[in-house]
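This is what each chain is made of:
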Amino acid sequence: MQGESSHAFGLAHHFDSFDQQREASYLGMWVFLVTEIMFFGGLFTAYVVYRSGQGAAFAIGSHELDIVLGSINTAVLIGSSLTMALAVWAAQTGRRKAIVAFILATILLGGLFLGIKVVEYSAKFEHHLVPGPNFHWQGPEAPGVEMFFNLYFLMTGLHAAHMVIGIGILLVVAILAWRGSFSPENHNLVEGIGLYWHFVDIVWIFLFPLLYLLGRNIQV
Amino acid sequence: MWKNVPLFPEQASTLASEVDALYLTFLGISIFFGLLVAGLVIFFAIRYRRRAEDEIGRPEKAGIWLEITWSVIPLAILLGMFAWGAKVYIGAFRPPSDAVEYFVTAKQWMWKFQHPQGNREINELHVPVGQAIRLTMTSEDVIHSFFVPAFRVKADVLPGRYTTLWFEATKIGTYHLFCAEYCGVEHSKMGGSITVMEPADYEMWLAGRDTGPSVVASGQKLFRVKACSTCHRPDSATLAPILHGLFGEEVELEDGSTQIVDENYLRESIMNPIAKLVRGYKPLMPTYQGQITEEEVLQLIGYIKSLASDATENQGPESDSSSPASTPDEG
Amino acid sequence: MSDTVTTPPRRKHYLNVDYGIKSWLLTQDHKRIAILYLISITFFFIIGGVMAALIRVELATPLGDLVEADTYNRLFTAHGVLMVFLFLIPSIPAVLGNFLIPLMIGAKDLAFPKLNLGSWYVYNLGALLMVAALLRGGTDTGWTFYTPYSSTFADSEVILTALGAFVVGFSSIMTGLNFIVTIHRMRAPGLTWFRLPLFVWAHYGTSLIQVLGTPVVAIAILLVAAERLLHIGIFDPALGGDPVLFQHLFWFYSHPAVYIMILPSMGVISELIAAFSRKRIFGYKFVAFSSLAIAVLGFLVWGHHLFVSSQSIYAGLIFSVLSMLVAVPSAVKVFNWTATLYQGSISWQTPMIYALGFIGLFVIGGLTGTMLATLGIDMHVHDTYFVVAHFHYIMVGGAIMGYLGGLHFWWPKITGRMYSVFWSKIAAGLIFVGFNLTFFPQFLLGYMGMPRRYHAYPEEFQILNVLSSAGATILGLGYLLPLIYLFWSMRYGERAGDNPWGAYGLEWETSSPPPTLNFDEPPVVTTEAYDYLSLREKKLA
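Just so you know, these numbers come straight off a predicted model, no measurement behind them. (Residues numbered from 1 in each chain as written. Chains lettered and ligands numbered in written order. Predicted model: local features only at pLDDT ≥ 70, side-chain atom pairs only at ≥ 80, totals over all residues.)

Concerning the overall build of chain A
Next up, step 1: Helix and strand counts for chain A come out as six helices and zero strands.
Next up, step 2: Beginning at the N terminus, the succession of helices and strands in chain A can be written as α-α-α-α-α-α.
Next up, step 3: When its C-alpha atoms are laid out on the principal axes, chain A stretches across 75 × 30 × 30 Å.
Next up, step 4: The buried share of chain A, reckoned over its 220 residues, is 39%.
Next up, step 5: Long-range contacts, defined as pairs at least 24 residues apart, comprise 76% of the intrachain contacts of chain A with a sequence gap of at least 6. (Helix = DSSP H or I, 4+ residues; strand = E, 2+ residues; numbered from the N terminus. Buried ≥ 20, exposed ≤ 12 C-beta atoms within 10 Å, placed from the backbone. Contact = placed C-beta atoms within 7 Å.)

Next up, the structure:
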């Protein structure tokens, strides 16, 4: 195509400058995150609606969650956000190996989070707390508790799906970084996945109190 | 009545003329503005048609006052229509206090009615003219919508809760009843008719068929059969709240909030008793979800409502052919 | 492609720069992607149209005697789903917007060309799921998927269709995201926000809705699928759910979605009226901001679909008054367009006929919309043919008139060829007459009380239904004609110049069809939007 040869390496044909390309990339990422907020927003709305109707059952439900594992996971995820931020810093300052190392650390912590989540999920399976035909709860609060677990699995499941996707992208970015695809001028991909990772982290920061903490002070 | 080419529905309720007046006024305003815009567009398009190939339009400065004028005038008109529409709507959802309560249960694809006197009908409802009638409605499966065009009334009928609607027929005749919310294969067949009769004819019609026990009597019987009466006793509030004089009152719940005892709250308390427990009571009551049909719940509620008016005695009126106006007051 | 006129020296443009299927399927050129979209949406418009025809034939008689009730339900569901998700929502943005926004703002492409191509593939993937659902017997929930019917009771391909809508939603998000970033970051030097064509403003508003609304319907659809598949209770009261919550989530998107369909069309109309009056749009800033006002207010009115759904009276009051507010920016647009005609230089070309027709139909659709927003009236006409007529006036009378007007306006730019003026005017007339004949009787039917989605109906409604079906025949013919003469023009049409209408705008300053990177010289903007005076001076100079 005409005109492309005059372009600098890494600058797409339709942009005039690296600045323009970077600004477009960031704005695009932010707009994407707005769509993600709206996406989770639908679930949060459902949570608010049902919790306002059956708060007592939700409090009982939150007692069934493992607060120790939940707290550890919160710490793990915040730690992964730190390593992610360090990876972005490494990209900005052009440290190739550091990018790879910090991304791998982020992947590791993300994997640890998912592993703990699997432990929690399987405990729920054993205790018949997974909604559906196998759900079993003794007592009159059963419908409310089942609704709590509906939302628990939907919300944490959707969050975990975002983590899995994030780890997949991080793997690709790590490989690209190893090959030296990023420079201080051009590392939009690292910045982009960084924003995404922080977003997923923040979603958890909301999920954790809503599901694990709220109502725990009430004696059941 | 539909002999000629119909362009306008019959007016057969007190509400119909109100809705039509609102509609026709709005229509008049719309036609005025529609013709104004269309007229100007056509006039300008002809008057200022292009006469030379290189002609251009004469640009003018935007007039801020013009913009304000044509924003504010429509807004004022629309707000006026909103207020009028709101008045009609609120009226349509607030039944007069002397309205007689009929029960409606919808299911795929039929309407089941029960008169206060106990008479049941399917897809047909006979009502007396000049009497305000309040429908308490629920669905056994999906969402339906009760719609009588001649009365200009419509309300969705939902599973798991009650909706209400009221009308007062003003004209003898038989009118269409439609289901207006899509509900499955035979949605378009889920209709029937409302027959409006002279009160005397209505009495005769009622008397001419086996009415069975009244709603209140059926509810009273269920109250015993389903063993509600073991705990809900008129003389002791230790196990469960006294139901006499309860309907329409406010109760305090476990979490300190208050709740008006209405049909929806009673239904929820029967189906899911612990959801909103009255303060001071233990969650002893079992759920009746699946143990009791929607119609039975309605009868129980009818009975509990009848207890509201006489807090001392526990008797509702017996099944007789008393005129609708003499059935218990719903307060 | 060069047998009509004497062959000018072959100029490279986006159509002849490369041949072969691969050069199309892997293209990153926004203009080629627009053509790909054009092909896809035309295909689904035809299928959806055939279904509409079957519906109208069925309704010509009161006894559902042509098809079974169940088949009829599947037909109107497919008609709604295909027309809304696969035609109307992508129509103007993904075809005309895709083609024109970079041209209008003097950019070489959209900000994310790969994302743009990806959106077309995602669209087709979603469409494929819907087609699969159709081939397996279709869905019978209506395009609104109301619970608990859709989540528990319906015995049809709900999940496939819903999943299709879910996937197509992502293509819509991708397009919206791309437009927002492009409009922010890719404008030519000198092209300030208030020099942008109103088409671009309208698309900016549209994109906001796509980005903010689509994810919410996506999650609602996902929840319906989860309830249906796993029997967990979200919306079905028998499982402890709340069916009205679905309606809130659904309409939170689907009401703004109506503005996704109509806003771009309003953008087209602004361009057409400016071009064929050779005049700056009266009250440019008001028209521009009214697009944003519609986009924002559009998110606050969803509850007017729930006036009779057991929503509280107070919620009804709030949603009613907010719905009145959203009518004001629409009215502002109409008045400004009308004022633009005053002392214009008005040319009765085919696109202008569509634009003037649009104004008339949109006024009817808009005014009946405010009637529906009036609580006391909605109570009676909710879920009747009055609603059907109203939204067809907006979506067909509004959105499709705008789409066809735009297609006729920019066709010479897109293909470099001119279509038959005679036939295009005949078609525009047929569409206008046929449309009114089809849908005006439905207002009367609705007020008389004929509910929507009825396979069979009482006899007294027949006369108006027959009129409507007759109108649909004319309308169908009207839609068939452009299909023929536009296709014909691609080969046999006269070569159009770079600016056949003498219109203002960057897209008319490049050649027709434009080169792959849109402009041979990067444009610099020095004049205000629709500055016809400077255009004439430039020509004279």
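A few points about the overall build of chain B
Next up, step 1: What chain B contains, in helices and strands, is seven helices and twelve strands.
Next up, step 2: Relative to a compact globule of 331 residues, whose C-alpha radius of gyration would be 20 Å, chain B shows 27 Å and is clearly more extended.
Next up, step 3: Overall, the C-alpha framework of chain B stretches about 95 × 55 × 35 Å when taken along its three principal axes.
Next up, step 4: Within chain B, residue pairs in contact and separated by at least 24 positions form 68% of the contacts whose partners lie at least 6 positions apart. (Rg over C-alpha atoms; globule rule 2.2 N^0.38 Å.)

Quick word on helix α13 (residues 385-415) of chain C
Next up, step 1: At Phe409(C), α13(C) shows its strongest bend, of approximately 45°, with the proline Pro412(C) following within four residues.
Next up, step 2: Taken across its 31 residues, α13(C) has 31 buried, putting it largely inside the fold. (Bend = angle between axes of the 7 residues up to and from the residue.)

Some points on the sheet that holds strand β8 (residues 163-168) of chain B
Residue and element names in this part refer to chain B.
Next up, step 1: Taken together, five strands build an open sheet; the order of strands is β3-β2-β1-β5-β8 and the sheet is mixed. The open sheet has two edge strands, β3 (120-122) and β8, and neither has a second partner. Taken pair by pair, the neighbouring strands of this sheet meet at an average axis angle of 25°, ignoring direction.
Next up, step 2: Examined bridge by bridge, strand β2 (residues 110-114) and β3 share three bridges and lie antiparallel to one another. Bridging across to β3, Lys-112 finds its partner in Ile-122. (Pairing = 2+ DSSP bridges. Axes fitted to C-alpha atoms, helices over the stretch in contact; angles between N-to-C directions.)

Overview of the interface of chain C and chain B
Next up, step 1: At the interface, 76 residues of chain C touch 75 residues of chain B.
Next up, step 2: At 14 residues, the largest contribution of residues to the side of chain C that touches chain B is made by helix α10 (residues 313-341) of chain C.

Some points on the interface of chain B and chain A
Next up, step 1: Facing the seven residues of chain B at the interface are five residues of chain A.
Next up, step 2: Residues that form the side of chain B that touches chain A fall into these classes: four nonpolar, two polar and one charged. (Nonpolar A, V, L, I, M, F, W, Y, C, P; charged D, E, K, R; others polar.)

Observations concerning the packing of α10(C) against helix α11 (residues 350-373) of chain C
All names here are of chain C.
Next up, step 1: In the contact formed by α10 and α11, the axes pass within 9 Å of each other and the chain directions differ by 165°. One finds that α10 runs roughly antiparallel with respect to α11. In this structure, α10 meets α11 at a crossing whose hand is left-handed. Facing α10, whose interface residues are Ser-320, Ser-323, Met-324, Ala-327, Ser-330, Val-334 and Trp-337, α11 presents Ile-359, Phe-362, Val-363, Gly-366, Gly-369, Thr-370 and Ala-373.
Next up, step 2: A class-by-class count of the residues in the contact of α10 with α11 yields eight nonpolar, six polar and no charged. (Parallel < 35°, antiparallel > 145°, perpendicular 65-115°, else oblique. Left-handed = near helix turned anticlockwise from the far one by under 90°.)

Digging into the nonpolar core
Next up, step 1: Of all hydrophobic cores here, the largest spans 330 residues; its most connected members are Val104(B), Ala220(C) and Ile359(C).
Next up, step 2: A per-element tally of this core places helix α3 (residues 69-104) of chain C first, with 22 residues. (Core = buried A, V, L, I, M, F, W, Y, C linked by C-beta atoms within 7 Å.)

Focus: the pairing of strand β5 (residues 132-139) of chain B
Residues and elements named next belong to chain B.
Next up, step 1: Summarising burial for β5: six of the eight residues are buried, a large majority.
Next up, step 2: Of the strand pairs in this sheet, strand β1 (residues 100-107) and β5 are connected by seven bridges, and their pairing is parallel. Its bridge partner lying in β5, Phe-103 is registered against Thr-136.
Next up, step 3: Here β5 pairs with β8 via six bridges, running antiparallel. For Leu-135, the partnering residue across the bridge sits in β8 and is Leu-165.

Overview of the domain arrangement of chain B
Residue and element names in this part refer to chain B.
Next up, step 1: Under the domain assignment used here, chain B contains domain 1 (14-44 + 61-93), domain 2 (100-207) and domain 3 (215-326).
Next up, step 2: Between domain 2 and domain 3, the C-alpha centre-to-centre distance is 24 Å.
Next up, step 3: Contacts between domain 2 and domain 3 engage 18 residues on the former and 13 residues on the latter.
Next up, step 4: Mapped onto the side of domain 2 that touches domain 3, the elements with two or more residues apiece are β1, β2, β5 and α3 (199-207). (Domains from an automatic or database assignment.)

What about the confidence of the model for chain A?
Residues and elements named next belong to chain A.
Next up, step 1: Model confidence for chain A is summarised by a mean pLDDT of 89, while 95% of its residues fall at 70 or above.
Next up, step 2: Taken element by element, the predicted model of chain A shows its lowest mean pLDDT in helix α2 (residues 55-63) (85) and its highest in helix α3 (residues 67-92) (95).
Next up, step 3: Below pLDDT 50 for its whole length, residues 1-5 participates in six contacts with residues either more than four positions away or in separate chains. (pLDDT = per-residue confidence, 0-100.)

Some thoughts on the sheet that holds strand β6 (residues 144-148) of chain B
Within a sheet, adjacent strands bond to each other through the backbone by hydrogen bonds, running parallel or antiparallel.
Residue and element names in this part refer to chain B.
Next up, step 1: If you trace the five strands from one edge of the open sheet to the other, you get β4-β10-β9-β6-β7, paired in mixed fashion. Only two strands of the sheet have a single partner each, and these edge strands are β4 (124-128) and β7 (153-157). Each neighbouring strand pair of the sheet contributes to a mean axis angle of 20°, computed without reference to strand direction.
Next up, step 2: Where β6 meets β7, five bridges bridge the pair, whose relative direction is antiparallel.

With respect to helix α9 (residues 284-297) of chain C
Next up, step 1: Taking 1.5 Å of rise per residue, 14 residues should cover 20 Å, and α9(C) covers 20 Å from first to last C-alpha, within 8% of that figure.
Next up, step 2: For α9(C), the complete set of buried residues consists of Tyr284(C), Phe286(C), Val287(C), Ala288(C), Ser290(C), Ser291(C), Ile294(C), Ala295(C) and Leu297(C).
Next up, step 3: Looking at the packing, one finds that the buried side of α9(C) touches α2 (64-93) of chain B together with α7 (198-230), α8 (243-277) and α10 of chain C. (Expected span 1.5 Å × (residues − 1).)

Some points on the pairing of strand β10 (residues 192-197) of chain B
Residues and elements named next belong to chain B.
Next up, step 1: Here β10 shows a buried face lined by Gly-192, Ile-194 and Val-196 and an unburied face lined by Ser-193, Thr-195 and Met-197.
Next up, step 2: Across five bridges, the pairing between β4 and β10 is parallel. Each residue of the ladder has a partner; that of Leu-125, found in β10, is Ile-194.
Next up, step 3: Judged from the five bridges that link them, strand β9 (residues 173-179) and β10 form a sheet pairing that is antiparallel.

Considering the environment of Tyr303(B)
Residues and elements named next belong to chain B.
Next up, step 1: Looking at the element boundaries, Tyr-303 is found in helix α7 (residues 294-309).
Next up, step 2: Given 24 C-beta atoms within a 10 Å radius, Tyr-303 is considered buried.
Next up, step 3: Each C-alpha atom of the pair Tyr-303 and Pro-95 lies 20 Å from the other, and the pair is 208 residues apart in sequence.

Describing the packing of helix α1 (residues 14-47) of chain B against α10(C)
Axis angle and axis distance: for two packed helices, these are the angle between their axes and the distance between the axes, and together they describe the pair.
Next up, step 1: The contact between α1(B) and α10(C) brings their axes to 9 Å, and the two run at 25°. Looking at the two axes, α1(B) sits roughly parallel to α10(C). In the packing of α1(B) onto α10(C), the handedness of the crossing is left-handed. Contacts between α1(B) and α10(C) involve Val37(B), Leu40(B), Val41(B), Phe44(B) and Ala45(B) from the former and Val334(C), Thr338(C) and Leu341(C) from the latter.
Next up, step 2: In terms of residue class, the contact of α1(B) with α10(C) is built from seven nonpolar, one polar and no charged.

Considering unusual backbone geometry
Next up, step 1: The linkage connecting Gln108(B) with the following residue, Trp109(B), adopts the cis geometry, with an omega of -10°.
Next up, step 2: Within the secondary structure, Trp109(B) sits in the loop between β1 and β2.
Next up, step 3: Omega for the peptide link from Ser512(C) to Pro513(C) comes to -15°, which places this bond in the cis form.
Next up, step 4: Mapped onto the fold, Pro513(C) is located in the loop between β2 (494-495) and α16 (532-540).

Focus: the confidence of the model for chain B
Residues and elements named next belong to chain B.
Next up, step 1: Summing up the model confidence of chain B, the mean pLDDT is 85 and the portion of residues at 70 or higher is 91%.
Next up, step 2: Mean pLDDT in chain B bottoms out at helix α5 (residues 228-231), which sits at 82, and peaks at β6, which reaches 96.
Next up, step 3: Low pLDDT (under 50) marks residues 311-331, which in the prediction has 47 contacts with non-local residues, meaning those over four places away or in another chain.
Next up, step 4: The ipTM value of the predicted complex is 0.91, and its pTM value is 0.89.

Comments concerning the environment of Leu430(C)
Next up, step 1: Relative to the elements of secondary structure, Leu430(C) occurs in helix α14 (residues 421-448).
Next up, step 2: Separated by 59 residues in the primary sequence, Leu430(C) and Met371(C) have C-alpha atoms spaced 28 Å apart.

Considerations on the environment of Ala12(B)
Residues and elements named next belong to chain B.
Next up, step 1: Position of Ala-12 among the secondary structure elements: in the segment before α1.
Next up, step 2: Here Ala-12 falls in the buried class, since 25 other C-beta atoms lie within 10 Å of it.
Next up, step 3: C-alpha separation for the pair Ala-12 and Trp-70, spaced 58 residues apart in sequence, amounts to 39 Å.
Next up, step 4: Discounting residues that sit within four places of it in the chain, Ala-12 has contacts with Ala-150, Phe-151, Ala-169, Thr-170, Lys-171, Gly-173, Tyr-175 and Val-196.

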